[in-house]
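# Fold and geometry: a report
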Amino acid sequence: QVQLVESGGGLVQAGGSLRLSCAASGRTFSSYTMGWFRQAPGKEREFVAAISTSGGNTRYADSVKGRFTISRDNAKNTVYLQMNSLKPEDTAVYYCAATGAGINWALGPTVYDYWGQGTQVTISS
């Protein structure tokens, strides 16, 4: 069992930056591929980024590539999402999630076993 708690959301102007954190409970954090997803009002939850168990491999949605960076600190049981050059279309509730699947299979929400409650990110134009 893994419990996930996101933090770091907020309201920023377009072009600004935010850093989201996701703290995980349990001693097996390092065995999970971790992902970030987001869901805007009226839209489906979409993949943002994923990181392998060791942190050596990452995947990004095309819409955030070059602007967002996912990282993890297994000693702190925490995964991060650094978001730069934010745009109004990045506005959404952001969720972190954990899966036992390898990163190559971790691009869709259905493979994730555990989810956080989400943190709101709002970008003003």
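Definitions and cut-offs
Residues numbered from 1 in each chain as written. Predicted model: local features only at pLDDT ≥ 70, side-chain atom pairs only at ≥ 80, totals over all residues. Heavy atoms only, no water. Pairing = 2+ DSSP bridges. Helix = DSSP H or I, 4+ residues; strand = E, 2+ residues; numbered from the N terminus. Axes fitted to C-alpha atoms, helices over the stretch in contact; angles between N-to-C directions. Contact = heavy atoms within 4.5 Å. Core = buried A, V, L, I, M, F, W, Y, C linked by side-chain atoms within 4.5 Å. Buried < 20%, exposed > 50% of the residue type's maximum accessible area, 1.4 Å probe, protein only. Phe/Tyr/Trp six-rings, centres within 6.5 Å; stacked < 30°, edge-to-face > 60°. Lys NZ or Arg CZ within 6 Å of the ring centre and 35° of its normal.

## Notes on the sheet that holds strand β8 (residues 78–83)
Taken in spatial order, the four strands of this open sheet run β1-β3-β8-β7, and their pairing is antiparallel. Pairing within the sheet leaves two strands with one partner each, and these edge strands are β1 (4–7) and β7 (68–73). Averaged over all adjacent pairs, the angle separating strand axes in this sheet is 15°, with direction ignored. Bridging between β1 and strand β3 (residues 18–24) involves four bridges; their strand directions are antiparallel. Residue pairing in the sheet places serine 7 in a bridge with serine 21 of β3.

## Thoughts on the side chain of serine 52
You can see serine 52 is positioned in the loop between β5 (46–51) and β6 (58–60). Other than its neighbours up to four places away in sequence, serine 52 contacts Thr33, Asn57, Arg72 and Ile103.

## Notes on the environment of serine 124
Relative to the assigned elements, serine 124 resides in strand β11 (residues 119–124). A C-alpha to C-alpha distance of 19 Å links serine 124 and serine 7, two positions 117 residues apart in sequence.

## Some words on the nonpolar core
If you look at the biggest cluster of nonpolar residues, it comprises 36 residues, and the most contacted ones within it are Leu4, Trp36, Leu81, Met83 and Tyr94. Listing elements by their share of this core, those giving two or more residues are β3, β4 (33–39), β5, β7, β8, β9 (92–99) and β11. The residues touching leucine 4, leaving out its near neighbours within four places in the chain, are Cys22, Ala23, Ala24, Met34, Cys96, Ala97, Ala98, Tyr114, Trp115, Gly116 and Gln117.

## A closer look at the pairing of β7
Residue alternation in β7 divides its side chains into a buried set, Phe68, Ile70 and Arg72, and an unburied set, Thr69, Ser71 and Asp73. Where β7 and β8 come together, six bridges link them in antiparallel fashion. The residue bridging arginine 72 from the neighbouring strand is valine 79, located in β8. Between β7 and β8, which pair antiparallel one after the other, the connecting turn spans four residues, and asparagine 77 there sits at a positive phi close to 55°.

## Considering unusual backbone geometry
Phi at asparagine 77 takes a positive value of approximately 55°, unusual for a residue other than glycine. You can call asparagine 77 buried: its relative accessible area is 18%. Positive phi, normally seen in glycine, also occurs at serine 85, with a value near 50°. The class for serine 85 is partly exposed, based on a relative accessible area of 41%.

## So, the packing of aromatic side chains
Evaluated as defined, the whole model comprises six aromatic pairs. Ring centres of tyrosine 32 and tyrosine 114 lie 5.9 Å apart, and the angle between their planes is 85°; on these two criteria the pair is classed as edge-to-face. In this pair, tyrosine 32 is assigned in the loop between β3 and β4 and tyrosine 114 in strand β10 (residues 114–115), connecting sequence segments 82 residues apart. Grouping aromatic residues by their ring pairs yields a cluster made of Phe37, Phe47, Tyr95, Tyr112 and Trp115. Lying over the aromatic face of tyrosine 80, arginine 19 brings its terminal NZ or CZ to 4.0 Å of the ring centre. For the cation-ring pair, arginine 45 lies above tyrosine 95, with the distance from its terminal atom to the ring centre recorded as 3.8 Å.

That's the geometry; what it means functionally is another story.
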